[in-house]
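Coordinates in review
So the chains spell out like this:
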Amino acid sequence: MEKPDYYAAIAGRYCLRAKRVFSELNEKPFAVELDLRVLATRLVATISILSPHNMKSHKLLTYQLTEHNHLKTSNTISHNTKNRHSHVLFFSTTPNPNTNNPQNQTLSPSIPAELTPRAILDSVHSSQWHFIKHLAYKITPSLISTTLTSLHKTPDLAFQFVTHIGFRDLDIKSECLAMAVISHAPNSKPTLQLLKETFSSGVYSIREVFNELGVARGVLGFKTYVLYDLLIRACCELKRGDDAFECFDMMKEKGVSPHVHACNDMLSLFLKSNRTEKAWVLYAEMFKLRIKSSVVTFNIMINVLCKEGKLKKAKEFIGFMEALGIKLNVITYNTIIHGYCSRGRVEGARMIFDLMKCRGVKPDSYTYGSFISGMSKEGKLEEASGMLEEMKEIGLRPTAVTYNTLIDGYCNKGNLEMAFGYKDKMVRDSCIVFELCGNVKKAFTLHDEMISKGVQPTRVTYTSLIYVLSKRGRMKQADDLFEKIVRKGIFPDLISSML
């Protein structure tokens, strides 16, 4: 038998470990007392906790340290050390008023010595995640597989299980089995998170993951193909369009048609990445597979046409959609209106605008914002201002982008009075302050020009300038400006002080 001071040294290390356990359990002991006593061939370390609430001693944990070959109890957590001996740490959460009597020191029956699927499941169902964490290195792929299969009706617990044992430490089979189980949760976010973690590692190809997900589906006996749709979505969120398309092709090979939502994710990605040709290839494949397009699908393809400058075909899509019985929404019309306005064809946009109102679809702030942007670019600032007033009359609130479009238009035209006027209106109407004309330097250049031309900045204008400086981290300049205008008798409003 080893000397007691040897055991004391080992026990000391476990006491440090105990503090970490208390932290995980959100326990905050006021004081810790360690009582070491050698009993037969083992050393018992009793931890007494002094509660800050009643200042009474409560035994929250009992540690027992013994040599590996003398284990006879069922409550163990192995701990490998650099020494030859492998020691075992026992936990007990049973309050014991008499800590001096070893016979009263009871052990919790929650964690058995032998790691079995039943033992792991018991720990999972009782949410003993700190034990799962400590045992993670001993849980074999076979045990993981058995546990996950048993948890297929409780995907939320399966997610917590793989999170605590370290998802990225699993092999590809275990990872895919876990994702297959978790994919049946009402919320798809956990599955997407794990799929993206798997891809981000760069270890496995899309084909390897796809094939292993197929194996996992078979093991679990799942009939749906939601996993493959989520796989496409994960690729899209990672902006890996080619991988998403490869997954689409592999589904096709299996005789499976992706859900229209997955296809829309791909189309949207190709649109945003300016890969319009790829979008058309996918759209044609959808048509061949008879995947029914939704209004979202058509809106994306109209956007593709507008981006390619094919405004006439985009307009024809409206008739095509109506013939199919698809009800156009405000996004459909806004997409075409924006396409016309961005290319300087405001009159063409007006025709769509009239058709929109005729069909009973109410324009929104984005609709008017497109017109105001298009008119401002053409130098038709009075018409743009008229559109702003019109949208306010029907109860629509202009966005900061809309205001900044007009401000920038008047700035470029040299009409600083109108530019600052709209800046003030923006603050009054939106109760939000934004950067004037995009940057601090330009804002103060316009401010100086405004004063030189005899236009006196208002309190709201100065509030805006102080905000710009604060947002850029130039606090000294913001303070200096504040003191300067206060000396003039101008007091900035609360917006600047809150920001």
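A quick note: this is a predicted structure, and the numbers were derived from the prediction, not measured.

1. Concerning the packing of helix H11 (residues 260–272) against helix H13 (residues 295–307)
- Running from N to C, H11 and H13 point in directions that differ by 15°, and their axes come no closer than 10 Å. When the interaxial angle is binned, H11 and H13 end up roughly parallel. Both H11 and H13 take part in a crossing whose hand is left-handed. Together, Val260, Asn264, Leu267, Ser268 and Leu271 of H11 and Val296, Thr297, Ile300, Met301, Asn303, Val304 and Lys307 of H13 make up the contact between the two elements.
- For the contact of H11 with H13, the per-class residue count stands at 7 nonpolar, 4 polar and 1 charged.

2. Considerations on the UniProt feature "repeat: PPR" (unreviewed entry) in the protein
- UniProt annotation of "repeat: PPR" (unreviewed entry) refers to residues 224–258, 294–328, 329–363, 364–398, 399–433 and 458–492 when read in the numbering used here.
- Between the end C-alpha atoms of residues 294–328 there is a gap of 10 Å, over a span that is 74% helix and 0% strand.
- Annotated as residues 329–363, this span is 74% helix and 0% strand, and its ends, taken at the C-alpha atoms, are 10 Å apart.

3. Examining the nonpolar core
- With 113 residues, the main nonpolar core has Leu148, Phe161, Val162, Leu213, Leu231, Met266 and Phe371 as its most contacted residues.
- Setting aside anything within four residues of it in sequence, one finds Leu213 in contact with Cys176, Met179, Leu195, Leu227, Tyr228 and Leu231.
- Judged by nonpolar contacts, the second largest core, of 8 residues, contains Leu465, Ile466, Leu481 and Ile485.

4. Looking at helix H23 (residues 475–487)
- Its 13 residues place the ends of H23 18 Å apart at the C-alpha level, agreeing with the 18 Å of an ideal helix rising 1.5 Å per residue.
- Buried within H23 are the following residues: Ala478, Leu481 and Ile485. On an axial view of H23, the arc spanned by its buried residues comes to 65°, and they lie on one face. Exposed and facing more than 90 degrees away from the buried side of H23 are Lys476 and Arg487.
- Gly489 sits one or two residues past H23 and shows a positive phi near 90°.

Definitions and limits used
The residue numbers shown here count from 1 along each chain, following its written sequence. With the structure being a predicted model, the display of local features is reserved for residues of pLDDT at least 70 and the display and counting of side-chain atom pairs for 80 or more, all residues being used for whole-chain, interface and lining totals. Note that the side-chain values use all heavy atoms of the structure and ignore hydrogens as well as water. Lines fitted to C-alpha atoms define the axes, with helix axes restricted to the stretch in contact, and inter-axis angles between N-to-C directions lie between 0 and 180 degrees. Helix and strand definitions follow DSSP, with helices as H or I runs of at least four residues and strands as E runs of at least two, each counted in order from the N terminus. Our angle categories are set so that under 35 degrees counts as roughly parallel, over 145 as roughly antiparallel, 65 to 115 as roughly perpendicular, and the remainder as oblique. Each crossing is labelled by how the near helix is turned from the far one, with a counterclockwise turn of less than a right angle marking it left-handed and a clockwise turn marking it right-handed. Any two residues whose heavy atoms approach within 4.5 Å at even a single point are treated as in contact. Under the convention adopted here, Pro, Cys and the residues Ala, Val, Leu, Ile, Met, Phe, Trp and Tyr are nonpolar, Asp, Glu, Lys and Arg are charged, and Gly plus all remaining residues are polar. UniProt positions are given in the numbering used here, feature names are shortened, and annotations may be inferred rather than shown by experiment. As used in this record, nonpolar core signifies buried Ala, Val, Leu, Ile, Met, Phe, Trp, Tyr and Cys residues forming a set joined through side-chain atoms within 4.5 Å. When a residue's accessible area, from a 1.4 Å probe over protein chains only, is under 20% of the maximum for its type it is buried; when over 50% it is exposed; and in between it is partly exposed. An expected span of 1.5 Å times one less than the residue number is assigned to each helix. Relevant arc is that of directions from the helix axis to the C-beta atoms, nothing else.

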